[in-house]
Amino acid sequence: MNKQKDNIDLRAVEAFLYDEADYLDSGNLDAWINLYSEDATYWMPVSEDQQDPLGEISILYENRTLMQIRCLNFNHRLAPSFETPVRTSHIIGNVRLLEVESMADFTVRSNFHLVMYFQGEQELFAGTATHHLRFIKHGRRTGFRIYHKRVDLIDCAAPHKSIPIYF
Amino acid sequence: MRLIDADIRALVEADRVHRKVYVDEEIFQLEMQRVWKRAWVFVGHESQVKEAGSFISTTIGTEPVVMVRDKSNEIHVIYNRCGHKGAKVTNKPCGKTPMFRCPYHGWSYNLDGTLNVTPHKVGYEDTGFDKSDTRFHMGKVARVENYRGFVFASQIKEGVNLEEFLGDAKATIDNVLDRAPTGQIEIVGQALLYMHDCNWKMFIENLNDGVHPMVTHASVGDACRKLLGQLPEGASPPPEAEIVFPFGSSYEFFDDMGVSVMPYGHSYMGGQSSIHQDYSDVEGYRDKMVARHGEEKTQQVLAQNRHNTTIYPSFTIKDAIQAIRVARPIAVNKTLVETWHFRLIGAPDALLHRTITYSRLINSPASMVGPDDWNCYARMQEALKSSSNDWVDLHRYLGREEIREGDVTRARGTSDLSMRNQYQAWLTYMASGNCDE
């Protein structure tokens, strides 16, 4: 496995994670969702050891359909909470490879700090993101795809105000 | 200023309430004394404390309490306050323990809150200190009653019992239990905790407000429609659509759902029809229900469709979706809303999954529905500071098409009747003297 790890270009993986964060911070959700595979899921558990996204509540657990609806709802002119825009800034670090099935199928974990400005207040989130990535060779769309992302906030079990964004 | 009953009565009129009920600090403190101490407030469900020593910590109004099961299987609700110097004894949201022990000076308590032992007892000898004096205990909340697993507490010794208090709202709890093929339910997982920048009454009043969804939640309906428009022809809509779409229903649909109110401020929307009526069947569920209830009763049970039965002042329960939301007031402009989820024991997992999906889509702080409600409450909380207009309107369908059947009065679904009814209960609690302060 270590050998496999050595074969993965960590700089390219980091660049991919930065791109994702940049799409989110700039509100380019069309580009963002295209980083995800058709069968992708996005999960934000409510407890640190949570294993079951279907039978227990989560802050967020979405398939591609729900992600598309959320992208269409984001900054919608009819949504009272988006009358004033939401802004975010990600800092990503401590990027490390976890499980490496192959160079085309592996898991990477990173830490993030995210500052959000929303409804007149600034809020700080922190946690880890675990990306399950595949490398797809498909003409001009060749590159990494996320097929599962898990976001663990350090205060996932705490009371939260509204969370209108992806992390 | 000391508020007298006449001051409080002047805040509520037949068709409006004074803005002070939402923004005034003194009113909030009085509500904690009079509404939240006198009413039966939801504490927890017995499945949260399954074994001896299991406990949850929560609040009644702004009072920290612990709900705990003792070794003889009795459930107690005791104040989470050390009988010595007043420290909060446990900070854990839940756990299991043979006894409680204060981390400050080590006083320990039995599971019924009585004082077990104080360290270095010699210092108390010949001081008149009496360990059996309840002032030195984690005090018991005055009254605790359990309706079919739902534990409520009232902090005054005298008053109506829980069943009389619940009245026709019992039928919602009964229906949730009837929907379990075993007749039993249990809470699963953690709660979602959603902090609101608003007075507790704004959240409670919105539960049976049938005139906001088509406005406040217009965007998510529009987003869903756009997505369906992008689907290839003949593709079936995603299952989540049946949960989100009804929030964009017409005024006429909500009017026809109707709203029903009852004594003590309780209410619900729907009954036969509701925004939950068109959910698809879950495979294998109906057969299990028929095996338990027979065909006729199964039909009756599944036909009951109440949306947000509001048990004033603290909690709301649905029947077709097995989730409850509990309001925990923190300050005049701060309210914690907890969402808990139930498994219908014996039912297919798919039913639990639907409840969980519903809650993520509607109740989560990260949903596409709750945050728009949140935003509107926060707007009210902020703008009601304005003295330009002291009154908040409650005119809709006032005195029109209100049909009384026994203790229950029904009206059109976009009526403000549920709010007018809540303020009658509010006045009864708030303007009835100082008997227990």
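Description of the structure in this document. One numbering rule holds for all chains: residues counted from 1, following each sequence as written. For this description, chains carry letters from A and ligands carry numbers from 1, given in the order in which they are written. Where totals are concerned, whole chains, interfaces and linings use all residues; where local detail is concerned, this predicted model gives features only for residues with pLDDT of at least 70, and gives and counts side-chain atom pairs only at 80 or more. To get the side-chain values, take all heavy atoms of the structure and skip hydrogens and water.

Before going further, it helps to examine the nonpolar core. Only buried residues count toward a nonpolar core. Its members are Ala, Val, Leu, Ile, Met, Phe, Trp, Tyr and Cys residues joined through side-chain atoms within 4.5 Å. Accessible area is worked out with a 1.4 Å probe on protein chains only. A residue is then buried under 20% of its type maximum, exposed over 50%, and partly exposed in between. Of all hydrophobic cores here, the largest spans 85 residues; its most connected members are F150, F152, I311, F315, I324 and W426 of chain B. Segments assigned H or I by DSSP are reported as helices when at least four residues long, segments assigned E as strands when at least two residues long, and all are numbered from the N terminus. Broken down by element, the residue count for this core peaks at seven residues, all from helix 15 (residues 417-430) of chain B. As used throughout, domain bounds are those supplied by an automatic or database domain assignment. Two domains each put at least three residues into this core: domain 1 (41-147) and domain 2 (182-430) of chain B. Contacts are assigned to residue pairs that have any heavy atoms within 4.5 Å of one another. In this view, F152 of chain B contacts W40, V41, F42, V43, R143, V144, E145, L162, L166, I311 and F315 of chain B; residues no more than four positions away in its chain are not counted. Core analysis: the next-biggest nonpolar cluster, separate from the first, contains 51 residues, L17, I33 and F112 of chain A together with V188 of chain B among them.

Moving on, we get to the packing of helix 11 (residues 285-293) of chain B against helix 12 (residues 295-303) of chain B. Residues and elements named next belong to chain B. Packing of helix 11 against helix 12 brings their axes to within 7 Å, and their N-to-C directions diverge by 120°. One finds that helix 11 runs oblique with respect to helix 12. Seen along the crossing, helix 11 lies across helix 12 with a hand that is right-handed. Each of Y285, R286, M289, V290 and H293 in helix 11 lies in contact with helix 12, whose residues at this interface are E295, K297, T298, Q299, V301 and L302. Residues are grouped as follows: Ala, Val, Leu, Ile, Met, Phe, Trp, Tyr, Cys and Pro are nonpolar; Asp, Glu, Lys and Arg are charged; every other residue, Gly included, is polar. Across the contact of helix 11 with helix 12, the residue classes break down as five nonpolar, three polar and three charged. Simply put, an axis is a line fit to the C-alpha atoms, just over the touching stretch for a helix, and the angle between two N-to-C directions goes from 0 to 180 degrees. Angles below 35 degrees are treated as roughly parallel, those above 145 as roughly antiparallel, those between 65 and 115 as roughly perpendicular, and all remaining angles as oblique. Handedness of a crossing is defined here by the sense of rotation of the near helix relative to the far one, left-handed for an anticlockwise turn of less than a right angle and right-handed for a clockwise turn.

What follows concerns the pairing of strand 1 (residues 36-45) of chain A. Residue and element names in this part refer to chain A. Burial analysis of strand 1 places eight of its ten residues in the buried class, which makes it a mostly covered element. Pairs of strands are assigned from DSSP output, requiring at least two bridges between the strands. Relative to strand 6 (residues 143-153), strand 1 is paired through four bridges, and the arrangement is parallel. Bridged to Y42 within strand 6 is K149. Strand direction decides the pairing type here: strand 1 and strand 2 (residues 58-63), joined by five bridges, are antiparallel. For M44, the partnering residue across the bridge sits in strand 2 and is L60.

Residues and elements named next belong to chain B. You can see T172 is positioned in helix 5 (residues 170-178). Spatially, the C-alpha atoms of T172 and A320 are 9.8 Å apart, while their sequence positions differ by 148 residues. Setting aside chain neighbours within four positions, we find T172 in contact with Q304, R306, T309, I317, K318 and D319. Here the side chain of T172 touches R306 through a polar contact of 2.8 Å, side chain to side chain. Here a polar contact is taken to be a pair of N or O atoms separated by no more than 3.5 Å, where protein atoms must pair a possible hydrogen donor with a possible acceptor and residues adjacent in sequence count only if both atoms sit in side chains. At 2.8 Å, the side chain of T172 and the side chain of T309 are in polar contact.

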